[in-house]
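Here is how the chains run, residue by residue.
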Amino acid sequence: MAGHIARRLLYSIFVLWGALTIVFVAVRVIPGDPAQMMLGSSGTQADVAALRHRLGLDAPIGIQYVRYLAGAARLDFGQSLRLEEPAVQAVNERLPATGLLAASAMALGVTVGLPLGVLAALRPRSAADYLVSVASLAGQSVPNFWLGIMFILIFARELRWLPSAGIGGLSHLVLPAVTLALLLVGVLTRLVRSGLVEVAQEDYIRSAYAKGLARVAVIRKHALPNVLIPVITVVGLQLGNLLAGAVIVETVFAWPGAGRLLIEAINNRDYPVVQVAVLFITISFILVNLLVDMSYAYLDPRVRYQ
Amino acid sequence: MTDDTRATRGRLTRRQVLGGAIATAGAAAGGILLGTPEARGAAAAAAGDLRVALPAEIVSLDPMGASAAEESVRVVAAHIFDSLVVRNTRTREFLPALATKWTTPDPNTWEFTIRSGVKFHDGTPLTARDVKVSLDRMIGQPGPLAPLWTAVAGTDAPSDTTVRVRTKTPLGTMLSNLSLTSILPADKMNAAGFFNQPIGSGPFRVSSYRPQGDLALAANTSYWGPAPGVKTLTFRDIPEVASRVTALITGEIDLTYALPPDQVASLQSNNAIRIQSTPSYRYYFIWMNIKHEPFTDVRVRQAMTYAVDVPTILNTLLKGSAQRMTAPIPSTVFGYAPQRLYTYDPGKAKQLLTEAGHPNGFDATMIWNPDSGPQDREIAQALFSYWNAVGARIKDGQAERGQWLTKLLALDWDMDFQTNIVTTGDADFVLRRLYTTSANRMGYSSPVVDHVLDLAAQSANQETRKVYYGQVCEIIWDDAVGLYPFELTATYVSRKAVQGFVPTPSSPVFTAVTVQR
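Here the structure is a predicted model, which means the values were calculated and not measured.

Draft legend 1. The arrangement of the overall build of chain B in detail. Within chain B, the regular secondary structure consists of 15 helices and 20 strands. With respect to the principal axes defined by its C-alpha atoms, chain B has extents near 75 × 70 × 35 Å. Here chain B, with 517 residues, has 57% of them falling under the buried criterion. Restricting the contact set of chain B to residue pairs at least 6 apart, pairs at least 24 apart contribute 69%. Of the roughly 20000 Å² that chain B leaves accessible, carbon and sulfur atoms contribute 52%. Charged side chains in chain B number 49 positive and 47 negative. The centres of these two groups are separated by 5 Å.

As structure tokens, this is what we get:
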């Protein structure tokens, strides 16, 4: 097991290098120049040239790439072009907020999605099943920027139950976390439901009933564990959607997280911040995927890593 | 949106509300009850606390940095720092601030007497040396405001209370430039991290700040000027308009501005909200690239102007949030002179196009970037259809901001549609920065304009400068270098608890504001 983890982490270095290279190229390929963006339409040609030099953007692309990789090895991506603080620090300061939001949404999504899926699967084609299925489809389909604004209008403006924007107490977390979680709830509910309905046809489920087990016990001990592996896989994969959603949700709810930082950095061609943010996202993907893999061994006794 | 789809969305909403309620209950059952009821913010905030949401994020607290020209940076800088002079936006006069008086012994020398007894927030006295070093930093830094200072030869501080600025050629905009220049503590301003929690001499000191996040200020109790009206001043960062309006309605913030017209309209019936408007320094314009066919011909440019029904667009799209522009610069700006209006006349536009050799019209592209101003998308569509009606088939060259800026500066366009802010409130900032031959921003070149603008820039006599800028306004207007349809209104919305706020064309000041809860 330890050997397997070590090997996976070693491969990860190549994944990181690949991600770093892709983002290095991508930010430079999109039109728009950071120095120009910083000085706006009032900057003179001479000022733009001077600023490009100060930012090191006038160096040959190869040199820039080598400097960049050398910096990345030391976790030093230079100053944010716009925020006048180191890019790593800028992202670091905002990661906890995004982490809190994503983790809350993930927890909310699993604790709600799983039981709802079971509820729907208990009586296929019942009213409860249809209700849950339609609701989860809606949860999956409604764009979260629209949903977020609707939540603000209803719960903050009309009902005044919750604050509309910013970070603070738990009350500030509710609306953004629920908005973000709904997508996951939709995906999980449908997955758990279809998984359980399928498993219900299996021989071992019939045997379990035959030996006199109650329905709750059959589902809990025999059906659910067999559905969990695809569920865990999807939860891991949903991390990408959660982070993409966080970018929008953070903007709508003025949540001071790294997603908004990334969007602003892209809009302003703040290369260092974009690079750091993408690196951190890549790392979180690698770690989550590793965790998902590890969980297979725990959930399914047949899976062994050598 | 049709009624049908609205109804569908309504149903979806209720379903989602239900889902949200279940989700909430499932995960955070007890937690919500413990959550502070900040939705009732108005009651929770202490009296004497003013919370403002600016229209854009506060990128940096460095008043001379790369973002120095951004509105939000200017607003907060004016509260943390002092400048030598301040402009009265009503009378357009310059009033003493850190400088108690100033003289010009000769046209190339300005001598300022620095107010004595002024202290920075950390208690150290502010002297002429701080002023000199701050000016040097402003002039030497390649920032967006540096071009204002190219005429300066040097600065010195012969005594603790005297600062002298020498110029290569007379600098008519000296006072307007100085009103944008913050004075920083000479010995500290270059320390690493200084601008995370900068020290100034202004009416408020920085309590806490995170770039792109909230900024908390506290009243400077030993301020040399009139004491601030509130104990704390907080700038909340709320990027999404709907959230910002909601925060105002629920009392989470006390004041905001630069809302889209439809949002302002929705607040009009709210008894707890006050709406204050004043003409701003911001305006819409459309440039035509004078080096690109067919805009090389003044008749084509005039035809484009006659083709557009400005009052109709104003009344349908920008009601209450703009007024018709009567010069190439807004009426609020020093140097403004009203011009003869181009009346809507599509027949005349067609005739001019025919005379210019385009009886069957022509094709061109107009670049613009979304979110540059209120209703910009709708205005662009209206423009296209007006022009199309006279045979000018203008293609939509909408581009993302970075891409648009690159094209704009490279003169890689036929037409350009955007807003602009006269940051200094002085005609020089627009006319000389944009319309001279050497500026080469839309290919316009007029030796007379170049000459008169130089004369104006080098004159220290404000009345003379005004006459010069009036002449330039007229030439640019008659040459139809661009269309100048609307000057925007600055609309401030605040809760009625906010007292004593005076709306300004740009960069609102909150020092005198009090809050009565």
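Draft legend 2. Here's a closer look at the overall build of chain A. Within chain A, the regular secondary structure consists of 12 helices and 0 strands. Tracing chain A from N to C terminus, the helices and strands come up as α-α-α-α-α-α-α-α-α-α-α-α. Buried residues in chain A amount to 51% of all 306 residues. Restricting to contacts in chain A with at least 6 residues of sequence separation, those with at least 24 account for 73%. Entry remark: accessible area of chain A is about 14200 Å², with carbon and sulfur atoms responsible for 68%. Seen as two clouds, the 24 positive and the 17 negative side-chain charges of chain A have centres 10 Å apart.

Draft legend 3. Broad picture of the pattern of salt bridges. According to the stated counting rule, one finds 24 salt bridges over all chains in the structure shown. In this structure, the salt-bridge partner of Glu85(A) is Arg94(A), at a minimum N-O distance of 3.9 Å. Like Glu85(A), the residue Arg94(A) is buried in the burial classification. Put simply, Arg164(B) and Glu111(B) hold a salt bridge, and the shortest N to O gap is 2.9 Å.

Draft legend 4. Broad picture of the environment of Val134(A). Residue and element names in this part refer to chain A. You can see Val134 is positioned in helix 6 (residues 127-141). Classification of Val134 as partly exposed rests on a relative accessible area of 43%. Taking C-alpha positions, Val134 is 9.2 Å from Gly186, a pair spaced 52 residues apart along the chain.

Draft legend 5. View of the nonpolar core. The biggest cluster of nonpolar side chains holds 146 residues, and the ones touching the most others in it are Phe235(B), Trp387(B), Leu431(B) and Tyr435(B). In this view, Leu431(B) contacts Ile329(B), Thr436(B), Leu453(B), Tyr469(B), Val472(B), Cys473(B) and Ile476(B); residues no more than four positions away in its chain are not counted. Counting 48 residues, the second-largest nonpolar core is a separate cluster that includes Ala121(A), Leu175(A), Val178(A) and Val199(A).

Draft legend 6. Up close: the interface of chain B and chain A. Facing the 56 residues of chain B at the interface are 62 residues of chain A. In total, chain B and chain A occlude about 5100 Å² of area from one another, counting both sides; carbon and sulfur atoms represent 59% of this. Run the count over chain B and chain A and you get 4 salt bridges. The closest approach of N and O atoms between Glu57(B) and Arg260(A), which form a salt bridge, is 3.6 Å. Taken together, the connections running from chain B to chain A amount to 9 residue pairs in polar contact (both at pLDDT 80 or more). The element best represented in the side of chain B that touches chain A is helix 1 (residues 3-34) of chain B, accounting for 12 residues. Class assignment for the residues of the side of chain B that touches chain A results in 22 nonpolar, 19 polar and 15 charged.

Draft legend 7. Quick peek at the confidence of the model for chain B. All names here are of chain B. Put simply, chain B has an average pLDDT of 87, and 91% of its residues get 70 or more. Ignoring residues within four places in sequence, the model shows residues 1-46, a span with pLDDT below 50, making 55 contacts including any to other chains. Under the prediction, the complex receives an ipTM of 0.81, its pTM being 0.83.

Draft legend 8. Looking closely at empty space enclosed by the protein. Using the criterion set out here, one finds 5 cavities of 30 Å³ or more in the structure. Taken as a whole, the largest cavity holds about 130 Å³ of empty space. Together, Thr305(B), Val308(B), Val310(B), Arg324(B), Met325(B), Leu341(B), Tyr342(B), Trp477(B), Gly482(B), Leu483(B), Tyr484(B) and Pro485(B) line the largest cavity. Taken together, the residues of the lining of the largest cavity break down into 9 nonpolar, 2 polar and 1 charged. Taken as a whole, the second largest cavity encloses approximately 60 Å³ of empty space. In this structure, the second largest cavity is lined by Arg94(A), Pro256(A), Gly257(A), Arg260(A), Leu261(A), Arg210(B), Pro211(B), Gln212(B) and Gly213(B). Of the residues in the lining of the second largest cavity, the class split is 3 nonpolar, 3 polar and 3 charged.

Draft legend 9. Quick peek at the sheet that holds strand 4 (residues 99-106) of chain B. All names here are of chain B. Taken in spatial order, the 4 strands line up as 4-5-7-6 in an open sheet, and their pairing is antiparallel. Of all the strands in the sheet, just strand 4 and strand 6 (152-159) have a single pairing partner and so form its edges. Between one strand axis and the next, the sheet turns by 20 degrees as a mean value, whatever way the strands run. Sheet analysis places strand 6 next to strand 7 (residues 162-167), joined by 5 bridges and oriented antiparallel. Within the sheet, the bridge partner assigned to Asp156 lies in strand 7 and is Arg164. On top of the sheet, helix 4 (residues 128-140) reaches strand 5 (109-114), strand 6 and strand 7; it is set at about 170 degrees to strand 6, its chief contact.

Draft legend 10. Looking closely at a nonpolar patch on the surface. Nonpolar side chains collect at one region of the surface, where Leu9(A), Ile283(A) and Leu287(A) lie side by side and expose about 240 Å² of accessible area between them. Here Ile283(A) shows up in helix 12 (residues 271-299).

Draft legend 11. How the structure looks around helix 3 (residues 45-54) of chain A. Residue and element names in this part refer to chain A. Residues of helix 3 that are buried: Asp47, Val48 and Leu51. Here the buried residues of helix 3 occupy an arc of 100 degrees about the axis, which is enough to place them on one side. Of the exposed residues in helix 3, those oriented more than 90 degrees away from the buried face are Gln45, Ala46 and His53. Close packing links the buried residues of helix 3 with helix 2 (34-39). Two residues or fewer after helix 3 comes Gly56, characterised by a positive phi angle close to 75 degrees.

Draft legend 12. Unusual backbone geometry, seen in detail. In this structure, Pro294(B) follows Glu293(B) across a cis peptide bond, with omega equal to -5 degrees. Among the secondary structure elements, Pro294(B) is positioned in the loop between strand 12 (273-288) and helix 8 (298-306). Unlike most non-glycine residues, Ala254(A) shows phi in positive territory, near 50 degrees. If you trace the backbone, Ala254(A) turns up in the loop between helix 10 (215-252) and helix 11 (258-267). If you check the backbone angles, Asn440(B) has positive phi at about 45 degrees while not being a glycine. Structurally, Asn440(B) is set in the loop between helix 13 (427-435) and helix 14 (447-458). Classification of Asn440(B) as partly exposed rests on a relative accessible area of 31%.

Draft legend 13. Summary view of the packing of helix 13 of chain B against helix 14 of chain B. Residues and elements named next belong to chain B. Here helix 13 crosses helix 14 at 140 degrees, and the two axes come no closer than 10 Å. Between helix 13 and helix 14, the crossing angle belongs to the class labelled oblique. You can see that helix 13 and helix 14 cross each other, and the crossing is left-handed. Taken together, the residues of helix 14 that come into contact with helix 13 (itself represented by Asp428, Leu431, Arg432 and Tyr435) are Val449, Asp450, Leu453, Asp454 and Ala457.

Cut-offs and rules
Residues numbered from 1 in each chain as written. Chains lettered and ligands numbered in written order. Predicted model: local features only at pLDDT ≥ 70, side-chain atom pairs only at ≥ 80, totals over all residues. Heavy atoms only, no water. Helix = DSSP H or I, 4+ residues; strand = E, 2+ residues; numbered from the N terminus. Buried < 20%, exposed > 50% of the residue type's maximum accessible area, 1.4 Å probe, protein only. Contact = heavy atoms within 4.5 Å. Areas by Shrake-Rupley, 256 points an atom, 1.4 Å probe, with all protein chains shown as cover. Lys, Arg positive; Asp, Glu negative; His and termini not counted. Charge placed at Lys NZ, Arg CZ, Asp CG, Glu CD. Salt bridge = Lys/Arg side-chain N within 4 Å of Asp/Glu carboxyl O. Core = buried A, V, L, I, M, F, W, Y, C linked by side-chain atoms within 4.5 Å. Buried area = accessible area lost by both parts, 1.4 Å probe. Polar contact = N/O pair within 3.5 Å; in protein donor to acceptor, adjacent residues only side chain to side chain. Nonpolar A, V, L, I, M, F, W, Y, C, P; charged D, E, K, R; others polar. pLDDT = per-residue confidence, 0-100. 1 Å grid on protein atoms, 1.4 Å probe; cavity = no way out; pocket = protein on both sides within 12 Å on 5 of 7 lines; lining within 4 Å. Points joined across faces, edges and corners; volume = space filled by probe spheres on them. Pairing = 2+ DSSP bridges. Axes fitted to C-alpha atoms, helices over the stretch in contact; angles between N-to-C directions. Patch = residues over 30% accessible without salt bridge, like charges linked within 9 Å, V, L, I, M, F, W, Y side chains within 5 Å. Arc of directions from axis to C-beta. Parallel < 35°, antiparallel > 145°, perpendicular 65-115°, else oblique. Left-handed = near helix turned anticlockwise from the far one by under 90°.

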